[in-house]
2 protein chains.
Amino acid sequence: MRVLELILKKRDGGNLSAEEIGFLISEFNRGNIPDYQMSALLMAIYFQGLNARETTALTAALAESGEMLDFSSLGAIVADKHSSGGVGDKITLVLAPLVAAAGVPVAKISGRGLGFTGGTIDKLESIPGFSARLPVEKFMELVRENNLAIMAQTERLTPADGKLYALRDVTGTVENISLIAASIMSKKIAAGANAILLDVKMGKGAFIQNREEAFHLAETMVRIGKEMGRRVVSVVTDMNQPLGFAVGNALEIKEIMAVLNGQGPSDVEHLAVLLGGYLLALVGKVRNPEEGQEELSRLIKNGAALKKFKQMVISQGGRSECLEDLSLLPQAKFVEMIKAPKPGYLHDIDARKVGKVAALLGAGRFFKGDEIDYSVGVVLNHKVGDSVAAGDVLAHIHGNNEDTLKTAFKEISGAFSIGEEKSPGFPLVYGVVPPFPS
Amino acid sequence: MRVLELILKKRDGGNLSAEEIGFLISEFNRGNIPDYQMSALLMAIYFQGLNARETTALTAALAESGEMLDFSSLGAIVADKHSSGGVGDKITLVLAPLVAAAGVPVAKISGRGLGFTGGTIDKLESIPGFSARLPVEKFMELVRENNLAIMAQTERLTPADGKLYALRDVTGTVENISLIAASIMSKKIAAGANAILLDVKMGKGAFIQNREEAFHLAETMVRIGKEMGRRVVSVVTDMNQPLGFAVGNALEIKEIMAVLNGQGPSDVEHLAVLLGGYLLALVGKVRNPEEGQEELSRLIKNGAALKKFKQMVISQGGRSECLEDLSLLPQAKFVEMIKAPKPGYLHDIDARKVGKVAALLGAGRFFKGDEIDYSVGVVLNHKVGDSVAAGDVLAHIHGNNEDTLKTAFKEISGAFSIGEEKSPGFPLVYGVVPPFPS
């Protein structure tokens, strides 16, 4: 099979067979196909697209490029949850212990943050002692013992996806729904879960801002999952304003614990319970999502979810005293307030701008491998739709460097927009794919 | 300037500025832009195209990537001729001495053949002693002294074009008229001629088979030339059947000398005189192409063109006795005849098939750097339109290897098609761009 012929086939609008896609990915992974041919093929795919069969074949080829976890010895359906990424998106760290506390094993492999969206692993690593660099064997053992473990991505799983993504990132071939869906789903398939909840973020603070694209991605991933024998539900949710109030690693850990304690921002609790309810219904633990949501609310109230979270953190090396006394988590030296310049209603809190300010303060990475400052970030005081008086505090900025703090202060003002008329705010959820029950 | 931004700009249908194109080519040439980014950009160009300004800017950037010859000290307009490549296409080696004999300096830089089309340099190198590997200084000196020199492409001229073409060749990004036109024209611009005749071949034995594409290429190159201050005329000519009778290096040298002696196949003489007439008119040596054609016919009859050809060969090291006794040129060991299986009219002699058979015999290269057997090839006995009797010899096959000869014998049968009705044959010329005089 000659690579050039396959490039020409795709360039000219043809369809690649599963065998051809398998050849391309495995040879690329072995270093036998040069980057310059793969990037030309990726650009041809950008223009000509991949059909459903090709997308599934690509997912399978990427998943099979490395180790594939198998939880079948557990004798239970294992759950996984993925978010396409957003600002202040801490839902995984509320949902995972909730679902685990409900008796469903959760095996979660997460990435680190890049750009203006934060990563689940970075948030957890803000807890002193916590390690997400688990050997695969330890990860599987913890899922077996505690129903819950969270591991950082490893080269042992889907190595071809890592290489392909690195190439897409520098060749202008990221923004293609089939390539995005195959990349996400390959990681989920290799991670071994049978039931997968996908949270597709849409809005200013997400990489998808368009409703049609968001649903196209949601549907594509559900279809791939079905074709590969997994139970999958996708939910398209809002990412115009940040989720909750806290944006920044240790700041978000505090908010997560507040939510698990029944005292957190209602949007985070609602969304985690809503999505968790779908996941419980998907694995067959409950008859319908509503029943699941009731059960999860109960597990917040009775403290079981918080207990499960603490168990997970401590099992992975996190120091327990930091969870009892949150002031032991990393704290920034300076806290600045930003106040409302005029009275009115909050029409917008631009999630992308808030995310960029948090990254600027040190909470995120501009380049892979950048060091993160776990203590810094932004804590909002309001949600879109709230009324504010002139001089009301809109947010606190936590920073360790006075110059950066000044820049952050200037930048974040542009994130807030206050109008005279009442604003309806944003819905939390735009839709579920497939319409539940499927 | 970030390369990724420029890839995205082109991918999304934007236009690159001359400055951006200059940056891309010069940095690529210096090795500062990796192949994988350039190939992604090339594929984006394949889909989004380049407009007129971008194509001219690309031509200029490629030309300026290396040395640029300057013949202004000659005080005369220097002529150049280029063919997009065909089977049995020996027109350059008839036209160049003709035009030089008419008093117009001809400075010709040629490539070697690849695939089923032969290269001018390969034909010349079949003459023992001949060298096309001239230092640039020697090349310019010969043009000054003899009005004629032919040199092989060198890394010193348009090195970025060589690198870019090598990448296009393996990434499915060859077939784009703007890229093809810029590649050809950059070499012509760097080679320093002020008047350029472009022969765009169209038909089964050319890389362009479609009329619209051929004229698009012809027009694009004329426009680039004009924008860069050169006099350019493009002629779209037939390449459905081979030019002349001989296909193969030493075999073609014999045919060239026959033509220059007034005894060669009429299509070769006609086309060389026709194109040469345009070139004489273009440099202003004659008032119109017809006058130029008359002059060139006279220079064949009086032997001046043949004398000029011999002078050029000998000046570049070719052994003069080989030109006096053509049996001293490389000769193949075996000659096979292929005969007409039935009487009728020749409807087709498929140039591509004949070219492939010649290459198979050893006259061409399948890979860059392949050794060439100068003695082998095919000599046809007829042109399309001729009537043949059953058993008439259609062609002689010259080879040095009995097995290859057998395969060639089988393969070439498929090139001939004999019908009962008279065939009109093919026109020699499809059109001239711009319509002359411009």
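Calculation criteria
- Residues numbered from 1 in each chain as written.
- Chains lettered and ligands numbered in written order.
- Predicted model: local features only at pLDDT ≥ 70, side-chain atom pairs only at ≥ 80, totals over all residues.
- Heavy atoms only, no water.
- Contact = heavy atoms within 4.5 Å.
- Buried area = accessible area lost by both parts, 1.4 Å probe.
- Salt bridge = Lys/Arg side-chain N within 4 Å of Asp/Glu carboxyl O.
- Polar contact = N/O pair within 3.5 Å; in protein donor to acceptor, adjacent residues only side chain to side chain.
- Helix = DSSP H or I, 4+ residues; strand = E, 2+ residues; numbered from the N terminus.
- Nonpolar A, V, L, I, M, F, W, Y, C, P; charged D, E, K, R; others polar.
- Pairing = 2+ DSSP bridges.
- Least-squares fit on C-alpha atoms with pLDDT ≥ 70 in both.
- Axes fitted to C-alpha atoms, helices over the stretch in contact; angles between N-to-C directions.
- Domains from an automatic or database assignment.

S.K.: Residue-level account of the interface of chain B and chain A, with values.
M.R.: Each partner contributes residues to the interface: chain B has 22 residues there, and chain A has 22 residues. When chain B packs against chain A, the two sides together hide about 1,700 Å² of surface, and 68% of this comes from carbon and sulfur. The largest share of the area that chain B buries against chain A comes from Arg11(B), Tyr36(B) and Phe47(B), three residues that together contribute 36% of it. Of the charged contacts, one joins Arg11(A) and Glu175(B) as a salt bridge, the two residues approaching to 2.8 Å between their closest N and O atoms. In this structure, the connection of chain B to chain A is made through 11 residue pairs in polar contact (both at pLDDT 80 or more). Elements with a contribution of two residues or more to the side of chain B that touches chain A: helix H1 (3-11), helix H3 (35-48) and helix H8 (159-171) of chain B. A per-element tally of the side of chain B that touches chain A places H3(B) first, with 10 residues. Here the side of chain B that touches chain A is built from residues that sort into 11 nonpolar, six polar and five charged.

S.K.: Before we move on, could you go through the sheet that holds strand S12 (residues 416-419) of chain B and cite the residues and values that matter?
M.R.: Residues and elements named next belong to chain B. The sheet built from three strands is open, its strands ordered S10-S8-S12 with antiparallel pairing. Looking at the sheet topology across the chains shown, the edges are occupied by strand S10 (387-388) and S12. Pairing analysis gives two bridges linking strand S8 (residues 344-349) to S10, with the strands arranged antiparallel. Bridge assignment links tyrosine 345 to a residue of S10, and that residue is serine 387.

S.K.: Lay out the relation of the copies chain B and chain A in plain terms, naming residues and giving numbers.
M.R.: Superposing chain B onto chain A takes a rotation of 180° plus a shift of 0.0 Å along the axis, which leaves an RMSD of 0.0 Å. The relationship between the two copies is best expressed as a two-fold rotation axis. The position closest to the rotation axis in chain B is occupied by the C-alpha of Tyr36(B), lying 1.9 Å away. A high fraction, 100%, of the interface residues of chain B reappear at the interface in chain A, so the copies pair face to face through one surface.

S.K.: Quick one: what's the story with the packing of helix H11 (residues 249-260) of chain B against helix H14 (residues 304-315) of chain B, residue by residue and with numbers?
M.R.: Direction vectors running N to C along H11(B) and H14(B) enclose 145°, while the axes themselves pass 8 Å from each other. On H14(B), the residues touching Ile253(B), Ile256(B), Met257(B) and Leu260(B) of H11(B) are Ala305(B), Leu306(B), Phe309(B) and Lys310(B).

S.K.: How would you sum up the domain arrangement of chain A? Please name residues and give values.
M.R.: All names here are of chain A. For chain A, the domain assignment lists domain 1 (3-49), domain 2 (72-324) and domain 3 (333-419). Relative to domain 3, the C-alpha centre of domain 2 lies at a distance of 25 Å. Tallying the contact residues gives 28 residues for domain 2 and 29 residues for domain 3. In total, about 2,200 Å² of surface goes out of reach between domain 2 and domain 3, with carbon and sulfur atoms giving 57% of it. Here domain 2 is connected to domain 3 by three salt bridges. Residue aspartate 122 pairs with arginine 365 through a salt bridge whose shortest N-O separation is 3.0 Å. At the boundary of domain 2 with domain 3, the tally comes to 13 residue pairs in polar contact (both at pLDDT 80 or more).

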